[in-house]
Amino acid sequence: MNAPHPSATARQSLYRDMSPLNLTPLWEVLHALVPPQPQSPCVPALWTYEELRPCLKRAGELITAEEAVRRVLILENPALRGQSAITQSLYAGLQLILPGEVAPSHRHTQSALRFIVEGSGAYTAVDGERTTMHPGDFIITPSWTWHDHGNEVDEPVVWLDGLDIPMVRFFDAGFAENGAARSQAVSRPEGASFARYGHNMAPVRGDAPFGAASPIFSYPYERSREALHQLERSAPPDAWDGWKLRYINPLTGGTPMPTIQPFLQRLPAGFEGQPSRQTDSAVYSVVEGAGTAYITSPQGTVRFDFQARDHFVVPSWQMLRLQSDAGCVLFSFTDRPVQQALGIHKEERLA
Ligand code: GTQ
C-alpha cells in the first residue's frame, strides 16, 4: 500500500482540530452543495386508491375527526419517511370526514388546498363562508384564515390536502391557533365570494380580502372541466401536456396561493406524450380515466399505471412522459410560484 500523501494526513489533522470549533472545509463538500444539476433525494411514488382506501376506512373506525383534529393519512415520499413531506417543499395527505363529523376550527400560516376525491356534500368553512364539496372541486384555505370542515350528509367525503408545510418549516415561520368555537360562525351566504370575484368582475371598492391569496376559495369542477372541454374543441393538444390550464387568482392572473400553483389537464384517448422535466416537483391526483406515467431518474425509469383517485409524485428534474389509451383528467400542484419568485424555475421539453 502507498503511504498517504503527507498533505492528506496534515489535512485530516486540520479537519480534526477545526471540528470542535464547528468549522468544515468547503472544498470537501462543494460539489454536493452546488451540483451541476438538481439531484433530488425524493423518489417517484404512486399511491393507488384501491390499496389506500381500506386504511382510511379503518382510521375512520379508530379515531373521530374531532379527536384527530384532522383525520388525514399523510402521503410520505418513500425517501423522506418521518418528515411528513411528499417533496422537499410540499405536504400531501388524504383527509376523511364521516357523516355527522366536524374537524374543528383553527388557523395557521401554512396555506392549504383541497382537491375533492370521493363523496359530495361535506363543507369547508373559510373566514365565515361555507363551501360545499363535490368531486373534482379545487378549494383553497389561504394563510391565517379560520377554517373548519364538516359533514352533514350521509356519505363519507375524502379529499387531497396539499400544504406548504415543509416550506414554512424550512423558514421557521409557522404560527397556529385553535378557534374558540368548534365550528366558526357563518357570516356570509355560500357563494358570496364567487359572486363578487368569480365572473371576471370584482367589487369597485374592494380589496384583496385574503392578501396574496385568491378571493375565490372554491373552483368548482363543473367550471374547470367545461373550460378543458371547450379548449379541446378549439385547439390541438400540446404534445407534452395535452390540454393543460392553471388555476388563477382572478384579481392578479397569478397563482391562487403564493406558495403553490395548481393545474388541471386532460389527455385525449391514445395520447403518447413527449418527455419533459421541470425543477418544480409535482403531485398528481387522477380525476377521471386512466393512463401511465413514465418517470426517469438517474436510477432508471419507473412506470406507474394510474386510474381515477390514484395519486403520484414526480420529483424535481426527473423526466416525465404521460401516456393514456382511454384518455384522462389530471389535477396537479407544484411549488412553481416560489421558484419563479426566486428566479430559479427551469423547464425542459424534449421532442
Ligand atoms: O385541514 O387544516 O392535511 O391543518 C394538515 C394540516 C390538513 C387542515 C392537513 C392541516 C389541515
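The coordinates are above.
Everything in this summary refers to the structure shown in the same document. Bear in mind that the values here come from a model prediction, so they are computed numbers and not experimental data.

Here the focus is the sheet that holds strand β6 (residues 123-126). Pairing within the open sheet is antiparallel, and its five strands lie in the order β7-β6-β9-β4-β11. This sheet does not close on itself; its edge strands, each paired only once, are β7 (129-132) and β11 (176-178). Strand-to-strand twist in this sheet, taken as the mean axis angle between neighbours without regard to direction, amounts to 25°. Inspection of the sheet shows strand β4 (residues 102-108) paired to β11 by three bridges, in the antiparallel sense. When the bridges of β11 are listed, His108 appears paired with Ala176.

The buried fraction of strand β14 (residues 261-267) is high, at seven of seven residues. Of the two faces of β14, the one carrying Gln261, Phe263, Gln265 and Leu267 and the one carrying Pro262, Leu264 and Arg266 are both buried. Relative to β14, strand β13 (residues 243-246) runs antiparallel, the two being bridged by four bridges. Residue Leu245 lies in a different strand from β14, and its bridge partner there is Leu264. Direction of pairing for β14 relative to strand β21 (residues 328-334): antiparallel, over a ladder of seven bridges.

Before going further, it helps to examine the sheet that holds strand β2 (residues 72-74). Strand pairing in a sheet relies on backbone hydrogen bonds. The paired strands run either parallel or antiparallel. A sheet is described by the order of its strands in space; here six strands give the open sequence β2-β3-β10-β5-β8-β12, paired in antiparallel fashion. Edge positions in the sheet fall to β2 and β12 (218-219), since each of these pairs with one other strand and no more. Note: strand β5 (residues 112-118) against strand β8 (residues 138-141), four bridges, orientation antiparallel. Counted as the bridge partner of Phe115 is Phe138 from β8. Lying over the sheet, helix α3 (residues 49-62) contacts β2, β3 (91-97), β5 and β10 (157-163), oriented at roughly 55° with respect to β3.

We now examine unusual backbone geometry. Even without glycine at this site, Trp144 takes up a positive phi of about 65°. Along the chain, the position of Trp144 falls in the loop between β8 and β9 (147-150). On the basis of relative accessibility, which here comes to 30%, the residue Trp144 falls in the partly exposed class. For Arg309, which is not glycine, the phi torsion reads 80° and is therefore positive. Looking at where Arg309 falls in the secondary structure, it is placed in the loop between β18 (300-307) and β19 (311-314). Among the residues examined, Arg309 registers a relative accessible area of 33% and is labelled partly exposed.

The rules we used
Residues numbered from 1 in each chain as written. Predicted model: local features only at pLDDT ≥ 70, side-chain atom pairs only at ≥ 80, totals over all residues. Heavy atoms only, no water. Pairing = 2+ DSSP bridges. Helix = DSSP H or I, 4+ residues; strand = E, 2+ residues; numbered from the N terminus. Axes fitted to C-alpha atoms, helices over the stretch in contact; angles between N-to-C directions. Buried < 20%, exposed > 50% of the residue type's maximum accessible area, 1.4 Å probe, protein only. Contact = heavy atoms within 4.5 Å.

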